[in-house]
Amino acid sequence: MDTFIQQIINGLVLGSIYALVALGYTMVYGILGLINFAHGEVVMIGALTALTVIKLLANSDLPGTLVVLIGLLAAVPVCMALGFAIERIAYRPLRLAPRLAPLITAIGVSIVLQQLAMIFWGRNYHAFPPILPTSGRDIGGAHITDVQIVIVLLAVAIMAGLMLLVNRTRLGRAMRATAENPQIAGLMGVNINVIISATFLIGSALAAVAGTMVSANYAIAHYHMGFILGLKAFTAAVLGGIGNLPGAMLGGVLLGLIESLGAGYIGDLTGGFLGSHYQDVFAFFVLILVLVFRPSGLMGEKVAERA
Amino acid sequence: MITDRRKALMGMVLIGVALALLPFLVGKGLGNSWVRVLDFALLYVMLALGLNIVVGFAGLLDLGYIAFYAVGAYLYALLASPHFGLHWPVWAVLPLGALVAGLFGVLLGAPTLRLRGDYLAIVTLGFGEIVRIFINNLNAPVNITNGPQGISQIDPVRIAGVPLSKTLEVFGIGFPSVYLYYYLFLALTLLIVFVSIRLEDSRIGRAWVAIREDEIAAKACGIDTRNVKLLAFAMGATFGGVAGGLFAGFQEFVSPESFGLMESIMVLCMVVLGGMGHIPGVILGGLLLAILPEALRHGAVPMQQAAFGRVLLDPESLRMLLFGLALIAVMLYRPAGLWPEARRKREFLAEKAK
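Definitions and limits used
- Residues numbered from 1 in each chain as written.
- Chains lettered and ligands numbered in written order.
- Predicted model: local features only at pLDDT ≥ 70, side-chain atom pairs only at ≥ 80, totals over all residues.
- Helix = DSSP H or I, 4+ residues; strand = E, 2+ residues; numbered from the N terminus.
- Rg over C-alpha atoms; globule rule 2.2 N^0.38 Å.
- Buried ≥ 20, exposed ≤ 12 C-beta atoms within 10 Å, placed from the backbone.
- Contact = placed C-beta atoms within 7 Å.
- Domains from an automatic or database assignment.
- Axes fitted to C-alpha atoms, helices over the stretch in contact; angles between N-to-C directions.
- Parallel < 35°, antiparallel > 145°, perpendicular 65-115°, else oblique.
- Nonpolar A, V, L, I, M, F, W, Y, C, P; charged D, E, K, R; others polar.
- Arc of directions from axis to C-beta.
- Pairing = 2+ DSSP bridges.
- Left-handed = near helix turned anticlockwise from the far one by under 90°.
- pLDDT = per-residue confidence, 0-100.

Caption draft 1: The arrangement of the overall build of chain A in detail. Helix and strand counts for chain A stand at 11 helices and 4 strands. For 307 residues, the compact-globule formula gives about 19 Å, and the C-alpha radius of gyration of chain A, at 19 Å, lands near that figure. The principal-axis extents of the C-alpha atoms in chain A amount to approximately 60 × 50 × 40 Å. Out of the 307 residues in chain A, the part that is buried amounts to 49%. For chain A, long-range pairs separated by at least 24 residues make up 77% of all intrachain contacts whose partners lie at least 6 apart in sequence.

Caption draft 2: The arrangement of the overall build of chain B in detail. When helices and strands are tallied, chain B shows 13 helices and 8 strands. Relative to the globule expectation of 20 Å for 354 residues, the C-alpha radius of gyration of chain B, 21 Å, shows essentially globular dimensions. Dimensions of chain B, computed from the C-alpha atoms along their principal axes, are close to 60 × 60 × 55 Å. Counting over 354 residues, chain B shows a buried share of 48%.

Caption draft 3: Structural view of the domain arrangement of chain B. Residues and elements named next belong to chain B. The domains assigned to chain B are domain 1 (1–30) and domain 2 (35–263). Spacing between the C-alpha centres of domain 1 and domain 2 amounts to 28 Å. Each partner contributes residues to the interface: domain 1 has 4 residues there, and domain 2 has 5 residues.

Caption draft 4: How the structure looks around the packing of helix H1 (residues 2–32) of chain A against helix H9 (residues 225–240) of chain A. All names here are of chain A. Two elements in contact, H1 and H9, have axes separated by 8 Å at closest approach and are oriented at 75°. Judged by the inter-axis angle, H1 sits roughly perpendicular to H9. Only Leu229, Gly230, Lys232, Ala233, Phe234, Ala236 and Ala237 of H9 make contact with H1, whose side of the interface consists of Tyr18, Ala19, Val21, Ala22, Tyr25 and Thr26. Of the residues contributing to the contact of H1 with H9, the split by class is 10 nonpolar, 2 polar and 1 charged.

Caption draft 5: Main features of helix H7 (residues 203–213) of chain B. Residue and element names in this part refer to chain B. Within H7 the residues assigned to the buried category are Gly205, Ala207, Trp208, Ile211 and Arg212. Taken end-on, H7 shows its buried residues confined to a sector of 160°, consistent with a single buried face. If you follow the buried residues of H7, they end up packed against helix H2 (32–57), helix H6 (177–201), helix H8 (215–220) and helix H9 (225–251).

Caption draft 6: Here's a closer look at the interface of chain B and chain A. The interface is formed by 35 residues belonging to chain B together with 36 residues belonging to chain A. For the side of chain B that touches chain A, the secondary structure elements donating two or more residues are helix H4 (90–112), helix H5 (117–137), helix H10 (261–274) and helix H12 (315–333) of chain B. Broken down by element, the residue count for the side of chain B that touches chain A peaks at 11 residues, all from H5 of chain B. In the side of chain B that touches chain A, the residues fall into 23 nonpolar, 6 polar and 6 charged.

Caption draft 7: Structural detail: the pairing of strand E3 (residues 142–145) of chain A. All names here are of chain A. Inspection of the sheet shows strand E2 (residues 136–139) paired to E3 by 4 bridges, in the antiparallel sense. Across the sheet, residue isoleucine 139 finds its bridge partner in E3, namely alanine 142. From the end of E2 to the start of E3, which pair antiparallel, there are 2 residues, and glycine 140 there has a positive phi angle of about 55°.

Caption draft 8: Structural context of the environment of valine 242 of chain B. Residue and element names in this part refer to chain B. If you trace the backbone, valine 242 turns up in helix H9. For valine 242, a count of 26 C-beta atoms within 10 Å corresponds to the buried category. Each C-alpha atom, one on valine 242 and one on phenylalanine 68, is 9.1 Å from the other, the two residues being 174 residues apart in sequence. Residues within four places of valine 242 in sequence aside, it is in contact with Met46, Gly72, Leu94, Gly97, Ala98 and Leu188.

Caption draft 9: Main features of unusual backbone geometry. Residues and elements named next belong to chain B. If you check the backbone angles, glutamine 153 has positive phi at about 55° while not being a glycine. With respect to the helices and strands, glutamine 153 occurs in the loop between strand E3 (151–152) and strand E4 (158–159). Judged by the 10 C-beta atoms lying within 10 Å of it, glutamine 153 is exposed. Positive phi is not limited to glycine here, since glutamate 252 has a value of about 60°. Along the chain, glutamate 252 falls in the loop between H9 and strand E8 (253–254). Residue glutamate 252 is classed as partly exposed on the basis of its C-beta count, with 17 C-beta atoms lying within 10 Å.

Caption draft 10: Geometry of the environment of aspartate 62 of chain B. Residue and element names in this part refer to chain B. Secondary-structure assignment places aspartate 62 in the loop between H2 and helix H3 (66–79). The exposure class assigned to aspartate 62 is buried, which follows from the 34 C-beta atoms found within 10 Å. Those residues within four positions of aspartate 62 in sequence are excluded, and the remaining contacts are Leu51, Val54, Val55 and Thr124.

Caption draft 11: Quick look at the packing of H2 of chain B against H6 of chain B. All names here are of chain B. Where H2 contacts H6, the two axes come as close as 9 Å, and the packing angle between them is 20°. Judged by the angle between their axes, H2 and H6 are roughly parallel. Every pair of crossing elements has a handedness; the one defined by H2 and H6 is left-handed. Here the contact of H2 with H6 is built from residues that sort into 19 nonpolar, 3 polar and 3 charged.

Caption draft 12: Region of the structure containing the environment of valine 150 of chain A. Among the secondary structure elements, valine 150 of chain A is positioned in helix H5 (residues 146–168). As a C-alpha pair, valine 150 of chain A and glycine 24 of chain A span 126 residues in sequence and 21 Å in three-dimensional space.

Caption draft 13: Structural detail: the confidence of the model for chain B. Summary statistics for chain B give a mean pLDDT of 83 and a share of 93% for residues scoring 70 or more. Within chain B, no element has a lower average pLDDT than helix H13 (residues 342–353) of chain B, which sits at 61, and none a higher one than H3 of chain B, at 91.

Okay, here's the thing in structure tokens:
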């Protein structure tokens, strides 16, 4: 029972990070109908940028929490600039091209980002300096650290803010209109290019936050962390119904739970045949199952096939 | 008319002679390690032609193609190595590898082909990773794949009892192992080229193109889109399986490392850069991308040493960086590839004019 609660807690922490990344995928997909393959790499750059700043300040007299906050604030503009540039260079010129074209440039962008990160930060794993408080509390025999509590709360707060932004503000209304139909929205006086850029900026800012959270939670960051994280977050977005914001959050949390419970119990379920090193496989199986049985996701509407 | 045919025949004979002499020229001029590079280039051409059926003809973006290569390679490794003590002959293993890879293709295709293009890309990517993770981990509790260490001491390809791993003397001319494999790979590549060309002009090939252009319209014209797409998947997978088996026999060693996502992307690059759906273009893409990195390895290191006094970028990451940039640049400036098909070129131009 204790391990069960522990796995639930781990799943929730993991899930809220997935949810933040998944929001980036889902917002872009909702507006452009494009899978932003490079989003995972933006998360990676965010994590490494934050970590670099944090390492620089780790030996100063500033309190650890403040150092991490500064790192986060440094990562956000870097990622936003990156997201903006990616859209301008790789996606905007191809908006009218066949569907395969932007997908292929997206793969190209993620390879380039990964290699640049490798050249810049090296092949080594970067350890997160132990400056955050390690205090925590026990719930029903399971342990949750204060850092993890902050991660979950911060994720919830950001998601609530995003919902407010999308549903209550002028920008949000323009985003929803563009998602509905870009041409008509343009005719109604919405500057589509600005809206699309704004979407990438917001998504990338979330990616920076998520990246910092991942490296704080696992105390590690490296140049190829983005790929698998991006893939899982994409799975989360599809699970919830791609293009649907609450869906991405739900999908992220669910996927986190499935993964941690799955990895915790797969050994017992298969009589020791498959072990917890199959953790990464779960996301793919979930993805395939969802796409086969409910391609519109849990909360998505059924969309007609676009020719 | 007759002279035309004679000209064509002459051309074919000349190309044939050139291809037959190539390993000797390359081997004498640059050394036998470059013949080895040629062997790998031919393997990549086979893979690229296989993927071209899926991506180029049928327009289904497959990002996990290397999984079929892995299936072919591991099947060969398991059936012809001391690992299980089996030593099946190559002519039994290769067709079986093709068949099993084809089955995997159907297995993957059946549930996923209802999906739209970009979803399909992600699912195939996931499938490729699943295959790799399983190969990496299936060494406990029952040791099937020997895990990350891979399988070594695989039997070399034997034809009529002659192993291709040793120098063969014919009429006083010595054929080193890499030359022998070159001829074998060349023969199979030509076979695959022939099959591809025949497929392209066939009823099925035209059905694939119809689906690529407009799936709904193709369906309305009476094409059984699901089966035809499945066939594309299976056919592409089959080519991958054959290439995989050859790879295992040639290397005499396989490990999960050879079958990562980057390999899938490299093969995709070959198809995209060369010209999706255009067989000569794809062959060009395969050769270019297989040989250029080797040239980089030989050229980039001394050049950097001369310019900066040390190696700033190792050739491997330089190669990937260039691949990534090339993918972006080609899509932006030459979306139909370096050597596009005439029809495809018109389409992309029309798309631009819109």
